[in-house]
Amino acid sequence: MSDDPTQAADAADEVFVVVDAQTCIGVGQCEMLEPNVFALDEDTDIAVIIGEGSLARSRAVTVIDRCPSGAISIAPPPSPTPSS
Amino acid sequence: MERTVGATDLADPQVYAAGIPHGVFAELRTRPGLTWNAIGGDISDGFWSVSRHRDVVEVSRDPETFSSAVGHIQIYDIDADALDARASMIDMDPPVHTRLRRLVSAAFTPRHVQSYAEAVRNRVRDSLDAFEAAGAGDWVAAVAKPIPIGVICDILGVPEQDHDYMIELSDHLVAGTSSEPLDPGAYGNTTDLRLLPFNSPAAHALNEYAHSLGEQRRRQPQDDLITKLIEAEVDGERLSDEEFANFFRLMIFAGNETTRSSMSHLALHLARFPEEFDRVRRDRSLIDSAVEEVIRYSSPILYFRRTATRDVVLAGTPVAKGERVVMWYAAANFDSDVFADAERFDVGRPTPPANVAFGGGGAHFCLGASLARLELSALLDEIVSRDWSVDVGEAEYVDSNFVNGIEHLTVSLR
């Protein structure tokens, strides 16, 4: 089984990503790789999610790997609402 | 507790007299766990050597356990007052580190660094034009030294006429990590060397210079990094004179010695692996991966050290609170568990996995990484465009256990 995340069966699935503002040090690799998802805030130099904040899982894994501070992660899927 | 003690003292600069000691590092990597290094044969004065890629990454990303603040980030220990006097953000842990880093990080993002592209390209062209006209020379003096210092000085706002002085001073800083003795009174220094970074009088000279330039910018602000530092506020307070000077010195040293080393090594690689450079010339989409390979193969910073803040097990070896942990980036960069056929210079080597020449990640990841990459790709692109073939003399390495630098390298164009 390949370890390459871009080849995984769920590589094309859309996932949501989040940035931990405390950990982010404003290196900017995320913004460079995925400018439709990440931008460094002009005033705080911290990465913020712009737009929907979703992208293909394989691309999310790549940008997470490239973030040197480890501030980016995939958001947990929303918990199902119980039926009343 | 039994500990594996290494046969080679990695703190001895002589070990690096001919560049990276691949044989010694290969042996370290294959030994299970960590290896204890007895400095000068004294087993009670030692440190743990971390040589594998995954272990370097683990240490790098856990600043709470492996601190840059509680002990020095160089192998030798220094007193608390000495540490205090010289500390810049590289000697700090989050959250203090984070606040300082954010003062300057915007100037070094990949996006912002692109704004320097033309200025960098011009400096590279000027150096290479002159070198071509001469036909041969000391590559380090003619190309590898002046380009990076010129670039970082431009960013900082240091005037052109002072660039040579900055080169002179930062050369002395590196000399402070070697086995050569220093003259404590150089540059009119009267401060105890203990309290000076790298135990060098050149640090005193840099402090003086920083203060005088800072004063000028305070009176007449300009659009440069020095002005930004002078005006910056952390928690509502301006940087102290000492903090400002330490910051300036960090930029001057970090922004030039390292890139100088990779640019010097690039010429060596060109001579040793011309067919790899041909690949780049024929296919410029290889520039980025080629630059990464130059950086991996050069590993300009041999190590940085951390101190354990608690008892911890690393790579299966118990590390006691207070013990020194040294990350050998130059060893991890040739870890065959991560880099297939690691000693092969391959301009098409896939990334990820990232090399650890810029550090293993985490808060201290090299601030200048994007800038270094910009400078190296400009140099590489110009060299392959000119279709150079070169002969080189023997590289004379900087006498240091910390930097993998080249003092002199004769290069002749064919």
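What you see is a predicted model, and the numbers here were worked out from it, not measured in a lab.

Draft legend 1. Seen up close, the interface of chain A and chain B. Across the contact, 19 residues belong to chain A and 16 residues belong to chain B. Carbon and sulfur atoms supply 50% of the area buried between chain A and chain B, which totals about 1,400 Å² over both sides. When the buried surface of chain A facing chain B is broken down by residue, Ile 25, Asp 45 and Pro 68 of chain A rank first, second and third, together holding 39% of it. Run the count over chain A and chain B and you get 1 salt bridge. Between Arg 111 of chain B and Glu 31 of chain A there is a salt bridge whose closest N-O contact spans 2.9 Å. Remark: the boundary between chain A and chain B carries 4 residue pairs in polar contact (both at pLDDT 80 or more). The element that contributes the greatest number of residues to the side of chain A that touches chain B is helix α1 (residues 29-33) of chain A, accounting for 3 residues. Its residues assigned to classes, the side of chain A that touches chain B shows 9 nonpolar, 7 polar and 3 charged.

Draft legend 2. Structural context of the pairing of strand β1 (residues 35-39) of chain B. Residue and element names in this part refer to chain B. Along β1, 5 of the 5 residues are buried, which leaves the element largely enclosed by surrounding structure. Residues Thr 35, Asn 37 and Ile 39 line one face of β1 and the alternating positions Trp 36 and Ala 38 line the opposite face, and both faces are buried. Where β1 lies against strand β2 (residues 42-50), 5 bridges are found, and the strand directions are antiparallel. Pairing of Trp 36 across the sheet is with Trp 48, part of β2. Between β1 and the antiparallel strand that follows it, β2, lie 2 residues; Gly 40 among them carries a positive phi value of about 60°.

Draft legend 3. How the structure looks around the environment of Ala 71 of chain A. Residues and elements named next belong to chain A. Secondary-structure assignment places Ala 71 in the loop between α2 (57-66) and β5 (72-74). Separated by 52 residues in sequence, Ala 71 and Val 19 have C-alpha atoms that sit 5.5 Å apart. Setting aside anything within four residues of it in sequence, one finds Ala 71 in contact with Val 18, Val 19, Asp 20, Thr 23 and Cys 24.

Draft legend 4. Focus on the environment of Pro 146 of chain B. All names here are of chain B. Relative to the assigned elements, Pro 146 resides in helix α8 (residues 146-156). When the C-alpha positions of Pro 146 and Arg 260 are compared, they lie 8.3 Å apart, and in sequence the two are 114 residues distant. Sequence-distant contacts of Pro 146, that is, excluding residues within four places in its chain, are made with Val 140, Ala 141 and Ile 167.

Draft legend 5. The arrangement of a negative patch on the surface in detail. Residue and element names in this part refer to chain B. The grouping of Asp 84, Glu 237, Asp 241, Glu 242 and Glu 243 at the surface amounts to a negative patch. With 3 residues, helix α12 (residues 241-254) is the largest single contributor of residues to the negative patch. Position of Asp 84 relative to the elements: it lies in helix α3 (residues 80-86). On the basis of relative accessible area, Asp 84 is assigned to the exposed category, the value being 58%.

Draft legend 6. Representation of the pattern of salt bridges within the structure. Residues and elements named next belong to chain B. Tallied over the entire structure, the rule returns 32 salt bridges over all chains. Note that Arg 52 is salt-bridged to Asp 55, the shortest N-O span being 3.1 Å. Note on accessibility: Arg 52 and Asp 55 belong to one class, buried. Across the salt bridge formed by Glu 132 and Arg 386, the nearest N and O atoms sit 3.0 Å from each other. Residue Glu 132 is found in helix α6 (residues 117-134), and its partner Arg 386 is found in the loop between α17 (369-385) and β11 (390-392); the two are separated by 254 residues along the sequence. Salt bridges sharing partners connect three or more residues here, namely Arg 121, Arg 125, Asp 129, Glu 132, Arg 284, Asp 381, Glu 382 and Arg 386.

Draft legend 7. The sheet that holds strand β10 (residues 324-328) of chain B, seen in detail. Residues and elements named next belong to chain B. The strand order β1-β2-β10-β7-β3 describes an open sheet built from 5 strands, whose pairing is mixed. Edge positions in the sheet fall to β1 and β3 (66-67), since each has one partner strand and no second. Note: β2 against β10, 3 bridges, orientation parallel. What sits directly across from Ser 49, in β10, is Val 326. Packed onto the sheet, helix α2 (residues 53-60) meets β2, β3, β7 (303-308) and β10 and runs at close to 125° relative to β10.

Draft legend 8. Summary view of empty space enclosed by the protein. What the rule picks out here adds up to 6 cavities of 30 Å³ or more. In this structure, the largest cavity occupies an estimated 930 Å³ of space. Where the lining of the largest cavity is concerned, the elements lending two or more residues are α4 (96-104), α12, α13 (257-272), β7 and α17 of chain B. Among the elements that make up the lining of the largest cavity, the one with the highest residue count is α12 of chain B (5 residues). Residue composition of the lining of the largest cavity, by class: 27 nonpolar, 14 polar and 6 charged. Empty space within the second largest cavity amounts to approximately 100 Å³. As for the second largest cavity, its lining consists of 15 residues, and the residues nearest its centre are Cys 24, Val 27, Gly 28, Cys 30 and Cys 67 of chain A. Its residues assigned to classes, the lining of the second largest cavity comprises 11 nonpolar, 4 polar and no charged.

What counts, and where the lines are drawn
- Residues numbered from 1 in each chain as written.
- Chains lettered and ligands numbered in written order.
- Predicted model: local features only at pLDDT ≥ 70, side-chain atom pairs only at ≥ 80, totals over all residues.
- Heavy atoms only, no water.
- Contact = heavy atoms within 4.5 Å.
- Buried area = accessible area lost by both parts, 1.4 Å probe.
- Salt bridge = Lys/Arg side-chain N within 4 Å of Asp/Glu carboxyl O.
- Polar contact = N/O pair within 3.5 Å; in protein donor to acceptor, adjacent residues only side chain to side chain.
- Helix = DSSP H or I, 4+ residues; strand = E, 2+ residues; numbered from the N terminus.
- Nonpolar A, V, L, I, M, F, W, Y, C, P; charged D, E, K, R; others polar.
- Buried < 20%, exposed > 50% of the residue type's maximum accessible area, 1.4 Å probe, protein only.
- Pairing = 2+ DSSP bridges.
- Patch = residues over 30% accessible without salt bridge, like charges linked within 9 Å, V, L, I, M, F, W, Y side chains within 5 Å.
- Areas by Shrake-Rupley, 256 points an atom, 1.4 Å probe, with all protein chains shown as cover.
- Lys, Arg positive; Asp, Glu negative; His and termini not counted.
- Charge placed at Lys NZ, Arg CZ, Asp CG, Glu CD.
- Axes fitted to C-alpha atoms, helices over the stretch in contact; angles between N-to-C directions.
- 1 Å grid on protein atoms, 1.4 Å probe; cavity = no way out; pocket = protein on both sides within 12 Å on 5 of 7 lines; lining within 4 Å.
- Points joined across faces, edges and corners; volume = space filled by probe spheres on them.

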